Amino acid sequence: MSVPAPAATQFVEEHPIDTLLRADRFPHILCPACGIGSVIHCYVQAISESGIDKAQHVCVSGIGCSGRAAGYINVDSYHTTHGRAVPFALGIAVYRPELCVTVISGDGDLSSIGGNHLIHAARRNVNLNIICINNFNYGMTGGQAGPTTPVSAKSSTTPFGSWERPFNLPHLAHAVGASLVSRWTVLHARQLKQTILKAMHKQGFAFIEVLSPCPTGFGRPNDRGDGIEDMRRYRQRCVIDDEAYLPDIDIDITDDTSPIVVGNFVDIDRPPFQPVLGAPRREVAKVLAENANQRTRSRESVGHEH
Amino acid sequence: MPGTVSATASTPPRVMTGEHFMVGDHACAEGALAAGLDFFAGYPITPSTEICERLAHRLPQVGGTFVQMEDELGSIAAILGASAAGARTLTATSGPGFSLMMENIGLAAMMEIPCVIVDVMRGSPSTGLPTLVGQADVFQARWGSHGDYGIVAYSPSSPQECFDLTIRAFNVADRLRIPVFVLMDEVIGHMTERVVIPPAQQIPRVDRKRPSHEPGDAVFLPFKADADLIPPMAHAGEGYNVHFTGLTHDERGYPALNAQTHEQLVTRLVNKVAVHAPEAILTEEVDLDDAEVVVVAFGCTARSARRAVAMARQQGVKAGLLRLISLWPFPEERVRDLGRRDAVKRFVVPEINMGQMCREVERLTHLPVQSINRAGGAMITPQSILEVLVS
Amino acid sequence: MSTETTQNGPVQIRIAGYGGQGVILTGMLLGKAASLYDAKEAVFTQSYGPEARGGASSADVVISSDPIDYPLVTEPDILVTLFQEAYSKYRSSLKPGGTLIVESDLVHTNGDANVAGLPASRMAETIGRRIVANVVVFGYLVGKTGVISKEAAIKAIEATVKPKTYELNLKAFSAGYARATEESGRE
Ligand SMILES: Cc1ncc(C[n+]2csc(CCOP(=O)(O)OP(=O)(O)O)c2C)c(N)n1
Ligand code: SF4
Ligand SMILES: [Mg+2]
């Protein structure tokens, strides 16, 4: 640059998270105003604050724009096949339980083609941190509908608007047994990083949904404007409610005044999946007790007025 | 390691040294244990279920990890993950499950993650004959995942070979950093015969090549192959910050989506197996010295073929057997040589499929190749092979 | 049949009954005894096909002094049937001149010549438990045909059954074996 820097500006050689990104892979492939970069940022920030040796962090992705995350993060990283990030990560996490294994992938990758692995890994409470980047569509392949596409949303495979009921991912994750369930948007960078940190230190299955703008695949066909507009919407619509009644937190895109409920919804302790010889009595008792607890909680929450 | 349980006096040892009367599926599981299996992930399917069950019982007792996955897609992914973290890994399945595994078999080839996959072949296609024999997955094992890559496949003809070849499969997988298949058939998987398990120190072990650079050494390129075309393998959690991807990648492991990198990578993946073929190929030859008719057979069919060759000799027909112990790489040189011999007049290829390995023989010789095919469900009898030999 | 007629070739044995009669264990014991304790070759297979459903169960063993190529039983030299259906189904597969053993309380042979029958379940009850009827049959088969040695058979039992049931099984084997040798003494 030819413009001299103002005297007060101090140049530093390195940003603290530089070593956590594969700078030699930049420029990245993500579109301008795509939300995925913010998620990557929160994840590496969490790594640097985790107090866990960098060499102990492993990042696994599936296929998709979100699935490219693993490729930009400078820890041991595995960019696997579409839908199989969770079982691949299970292999690592179960064989090397001391490692902190995080899966970053898309809504389609994790809940459509990989949906079966997601529910079973949650049921088993495998010690994994799942960061599910939900952009309501298949971004990578050019904006098709998926299991998270909201009712009425247009996409290249729902040209007249989708009429399928989408997944409410936090509700799903909770129902199938996740120990930690949260939803944030890329606007909530600080909260997201905190939740990722919490997941890193939690033994068990953590599911974090991150709503993320995809101006190319979802924004354009639905007249949502660019990513900035999505951020504005997040700011206007998001309501933090850790106590939210999960069956009620579907996202409605037809009404921009309706709330988007975010928060840390579930944080329970269940014994994490660890294949051992026979089920230790104590653990069995814990699992049964937790199941009973959960039933009570569900009954109570069903009784609530919402 | 997880799942470790302190062994008690009554716990059977990892290597069950001694003579056993053992079913093929169990012998395969014991071979895996003897080879140092660390991690098994699988989903039950006849006729391979006994492998899964045996390991569910045995593996945790010797400090290994057994996981019954939600499906075969998960099983293959999990063993790749564990192998990437340094484990010796196995899955076992049969036709329908094998089909589900195909995509990630390509991932294993592309990421060069070693693993062993057992397919106990039953009557197919589709659900076919779950409890009855077939040998029709041999081309699927070679070509089943999309694209070009190299693999190795063994086909045992006895429970003893189920044991021996499973050990070999692990060693070849680690040596070449590839998926290796043990293609059993239902008859072999379900037959019980004597299996001799040697002392633990006599079990051969070849480990993966590991990086000689320290973690953090910028010179280390995780996908830069040595002269033997095999790159040393760094595992998750060692500090190398490796990147593994199924995308076409350069020597750093980074995606490089262009024709030139692709050409180099795929060529190496194919050649790596080709140049090491002599180490991987295994055959047995019976009465080939003066043979005029050469039978080429594998798995349970090779047992019938051996009988048929003996019967033909009694009737004055100079028959011989080339038994394929490894199916892939195919012993091309050997078949070519046999085809060039003056004495040899024809080949006979019996197999429980509609004509697969006979194509391999056909492309290597100008001599007549007679195939004997059964769709599946029953063994080919010695008599039916004999008829062709004496005709 | 006698062992002399088949000494040079493989001996094929089929044991057929219904689930719970222990035919698989009997086949297993036979093969194990031959292969591990008699220095012979043996292959044991069982029917897995759809025909194996519905209660029927059969165990096939091939025993030979030479390596066995073809592992399956096609024409048994020795056929043991423990219930009527098995008899009807497999009687015709028996090699001419082969040995036929039946559970005489459960199988009517309608004047079939050369049938060796024994009331194995009743014998087992007298010994203590009906469940060891298959081992009575095993003893009888060994005594009658000599296809494996008595010593090998006992070693196989010892190596296979739970230690606390060994005595009972040994008694069952001996009862069957004794009956066979008594019969041949009478002959
Ligand atoms: C087996 C298989 N089927 C289909 C594809 C094509 N494909 C690649 S990414 C993708 C969708 C990704 O969507 P999502 O996980 O939501 O990620 P995003 O791109 O939206 O971040 C599809 C269908 C594939 N790679 N593999
Ligand atoms: S298509 Fe969507 S998700 Fe993919 S990079 Fe572009 S904006 Fe991001
Ligand atoms: Mg998406």
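This structure is a prediction, so every number in the text was calculated from the model and none was measured. Counting of residues starts from 1 at the beginning of each chain's written sequence and follows it residue by residue. To read the labels, note that chains go from A and ligands from 1, taken in the order they are written. Given that the model is predicted, a residue must reach a pLDDT of at least 70 before its local features are reported, and side-chain atom pairs must reach 80 or more before they are shown or counted; all residues, however, enter totals for whole chains, interfaces and linings. Side-chain measures were taken over the full set of non-hydrogen atoms in the model, leaving aside hydrogen atoms and water.

Enquirer: Please set out the overall build of chain C residue by residue, giving values where relevant.
Expert: We count a stretch as a helix when DSSP gives it H or I for four or more residues in a row; a strand needs E for two or more, and each element gets its number in order from the N terminus. From N to C terminus, chain C includes seven helices and six strands. Across its three principal directions, the C-alpha atoms of chain C cover 40 × 40 × 40 Å. Exposed residues in this analysis have more than 50% of their type's maximum accessible area, buried residues have under 20%, and partly exposed residues fall in between, with area computed by a 1.4 Å probe over protein chains only. With 187 residues in all, chain C has 52% of them scored as buried. Residue pairs at least 24 apart in sequence account for 60% of intrachain contacts in chain C once pairs closer than 6 positions are excluded. The contact rule is simple, with two residues in contact once any of their heavy atoms fall within 4.5 Å.

Enquirer: So what about the coordination of the magnesium ion (ligand 3)? Which residues, and what values?
Expert: We call an atom a donor if it is N, O or S and sits within 2.8 Å of the metal, or 3.2 Å for Na, K and Ca. Water is not counted, so some sites may look partial. Around the magnesium ion (ligand 3), the protein contributes the donor atoms Asp107 of chain A (OD), Asn135 of chain A (OD1) and Asn137 of chain A (O), at 2.1 Å from the metal centre. Of note, the magnesium ion (ligand 3) draws all its donor residues from one chain, in the sequence arrangement D-x27-N-x1-N.

Enquirer: Explain unusual backbone geometry to me, using residue names and the numbers behind them.
Expert: Cis geometry marks the peptide bond from Phe26 of chain A to Pro27 of chain A, where omega comes out at 5°. Looking at the element boundaries, Pro27 of chain A is found in the segment before helix H1 (36-49). Between Thr46 of chain B and the following residue, Pro47 of chain B, the backbone shows a cis peptide bond with an omega angle of 0°. Positive phi values are uncommon outside glycine, yet Ala33 of chain A reaches one of about 70°. A positive phi is found at Ala39 of chain C, a non-glycine position, where the angle reads about 55°.

Enquirer: Before we move on, could you go through the sheet that holds strand E6 (residues 206-211) of chain A and cite the residues and values that matter?
Expert: In this analysis, strands are considered paired if DSSP registers two or more bridges between them. Overall, mixed pairing links the nine strands, which are arranged E7(A)-E8(A)-E5(A)-E6(A)-E4(A)-E3(A)-E1(A)-E2(A)-E10(B) in an open sheet. Whereas interior strands pair on both sides, the edge strands pair on one side only; in this sheet they are strand E7 (238-240) of chain A together with strand E10 (243-245) of chain B. Here the average twist between neighbouring strands, direction ignored, is 20°. Lines fitted to C-alpha atoms define the axes, with helix axes restricted to the stretch in contact, and inter-axis angles between N-to-C directions lie between 0 and 180 degrees. Helix-sheet contacts for helix H3 (residues 85-95) of chain A involve strand E1 (57-61), strand E2 (76-79), strand E3 (100-106) and strand E4 (129-134) of chain A, and the interaxial angle to E1 of chain A is about 155°.

Enquirer: How would you explain the pairing of strand E5 (residues 180-185) of chain A if you had to name every residue and give the values?
Expert: Residues and elements named next belong to chain A. Of all six residues that make up E5, six are buried, and the element is covered over most of its length. Residues Leu180, Ser182 and Trp184 of E5 are buried on one face, and the alternating residues Val181, Arg183 and Thr185, pointing to the opposite face, are buried as well. Relative to E6, E5 runs parallel, the two being bridged by six bridges. Note on E6: the bridge partner recorded for Arg183 is Glu209.

Enquirer: Could you give an account of the confidence of the model for chain B, naming the residues involved and the relevant values?
Expert: Per-residue confidence for chain B gives a mean pLDDT of 96, with 97% of residues at or over 70. Values of pLDDT, which run from 0 to 100, indicate the predictor's confidence residue by residue. Between residues 1-7 of chain B, whose pLDDT stays under 50, and residues either more than four places distant or in other chains, the model counts 20 contacts.

Enquirer: Talk me through the packing of H3 of chain A against helix H3 (residues 72-84) of chain B; I want residue IDs and the actual numbers.
Expert: Contact pair H3 of chain A / H3 of chain B: the axes reach a minimum separation of 6 Å and the direction vectors enclose 45°. Taken together, the axes of H3 of chain A and H3 of chain B are oblique relative to one another. As for the relative orientation of H3 of chain A and H3 of chain B, their crossing is right-handed in sense. On H3 of chain B, the residues touching Pro87, Phe88, Leu90, Gly91, Ile92 and Tyr95 of chain A of H3 of chain A are Gly74, Ala77, Ala78, Leu80, Gly81, Ala82 and Ala84 of chain B. Only Asp, Glu, Lys and Arg are considered charged, only Ala, Val, Leu, Ile, Met, Phe, Trp, Tyr, Cys and Pro nonpolar, and every remaining residue, Gly among them, polar. For the contact of H3 of chain A with H3 of chain B, a count of residues per class yields 10 nonpolar, three polar and no charged. We call two directions roughly parallel when the angle between them is under 35 degrees, roughly antiparallel when it is over 145, roughly perpendicular when it lies between 65 and 115, and oblique otherwise. The handedness criterion is simple: a crossing whose near helix is rotated anticlockwise from the far helix by less than a right angle is left-handed, and one whose near helix is rotated clockwise is right-handed.

Enquirer: Explain the nonpolar core to me, using residue names and the numbers behind them.
Expert: By nonpolar core we mean a set of buried residues, namely Ala, Val, Leu, Ile, Met, Phe, Trp, Tyr and Cys, connected to one another through side-chain atoms within 4.5 Å. Residues Val60, Tyr78, Phe88 and Ile92 of chain A together with Phe39 of chain B are the most contacted members of the largest nonpolar core, which totals 98 residues. These domain boundaries are the output of an automatic or database domain assignment. Residues lining this core come from more than one domain, with at least three contributed by each of domain 1 (4-202) and domain 2 (284-389) of chain B. Residues Leu55, Val118, Val295 and Ile352 of chain B belong to the second largest nonpolar core, which totals 77 residues.

Enquirer: So what's going on with the interface of chain A and chain B? Residues and values would help.
Expert: If you look at the interface, chain A gives 39 residues, while chain B gives 48 residues. Two parts placed together each lose some accessible area under a 1.4 Å probe, and adding up what both lose gives the buried area. A buried area of about 3,500 Å², summed over both sides, lies between chain A and chain B, and 60% of it is on carbon and sulfur atoms. Salt bridges are defined as contacts in which a side-chain nitrogen from Lys or Arg sits within 4 Å of a carboxyl oxygen from Asp or Glu. Where chain A packs against chain B, one counts two salt bridges. The partner of Glu70 of chain B in a salt bridge is Arg124 of chain A, with the nearest N and O atoms 2.9 Å apart. Identification of polar contacts relies on pairs of N or O atoms within 3.5 Å, with a donor-acceptor requirement for protein atoms, meaning one able to donate a hydrogen and the other able to accept it, and with residues adjacent in sequence counted only if both atoms are side-chain atoms. The interface formed by chain A and chain B includes 20 residue pairs in polar contact (both at pLDDT 80 or more). For the side of chain A that touches chain B, the per-class residue count stands at 17 nonpolar, 13 polar and nine charged.

Enquirer: Any details on the packing of aromatic side chains? Residues and values, ideally.
Expert: Ring geometry is summarised as follows: Phe, Tyr and Trp rings, the Trp one being its six-membered ring, pair when their centres sit within 6.5 Å, and such pairs are stacked at plane angles under 30 degrees, edge-to-face over 60 and tilted between the two. Throughout the structure, instances matching the rule amount to 13 aromatic pairs over all chains. Pairwise contacts between aromatic rings join Tyr78 and Phe88 of chain A together with Phe223 and Phe244 of chain B into one cluster. Over the ring of Tyr254 of chain B we find Arg25 of chain A; its NZ or CZ atom is 5.9 Å from the centre of that ring. The aromatic ring of Phe273 of chain A is capped on one face by Arg124 of chain A, whose charged end is 5.5 Å from the ring centroid. The rule is short: NZ of Lys or CZ of Arg within 6 Å of the ring centre and within 35 degrees of the ring normal puts a charge over the ring.

Enquirer: Could you give an account of helix H11 (residues 332-340) of chain B, naming the residues involved and the relevant values?
Expert: The periodicity of an α-helix, 3.6 residues per turn, causes residues three or four places apart in sequence to face the same way. All names here are of chain B. Of all the residues in H11, the buried ones are Val335, Leu338 and Gly339. Buried residues in H11, looked at end-on, bunch into an arc of 100°, giving them a common side. Where the residues of H11 are buried, they touch strand E12 (293-297), strand E13 (319-324), strand E15 (346-351) and helix H12 (357-362). Working definition: the arc comes from the directions between the helix axis and the C-beta atoms, pointing outward to the latter.

Enquirer: Could you give me a rundown of the site of ligand 1, with the residues and numbers involved?
Expert: Residues are labelled near a given molecule or strand when at least one of their non-hydrogen atoms is within 4 Å of it. Near ligand 1 lie 17 residues; those nearest to it are Cys65, Ser66, Asp107, Asp109 and Gly139 of chain A. Around ligand 1, the neighbouring residues derive from chains A and B rather than from a single chain. Within the backbone of Asp109 of chain A, one N or O atom sits 2.6 Å away from an oxygen atom of ligand 1. The backbone of Asn137 of chain A places a nitrogen or oxygen atom 2.9 Å from an oxygen atom of ligand 1.

Enquirer: Got a sec to walk through the sheet that holds E15 of chain B? Specific residues and values, please.
Expert: All names here are of chain B. Overall, mixed pairing links the five strands, which are arranged E11-E13-E12-E15-E16 in an open sheet. With one partner strand each, in any of the chains shown, strand E11 (283-286) and strand E16 (369-373) form the two edges of the open sheet. In this sheet, neighbouring strand axes are inclined to one another by 20° on average, regardless of whether the strands run parallel or antiparallel. Relative to E15, E12 runs parallel, the two being bridged by three bridges. Its bridge partner lying in E15, Val294 is registered against Phe347. The strands touched by helix H13 (residues 382-390) are E12, E13, E15 and E16; relative to E15, the strand with the most contacts, the crossing angle is about 165°.

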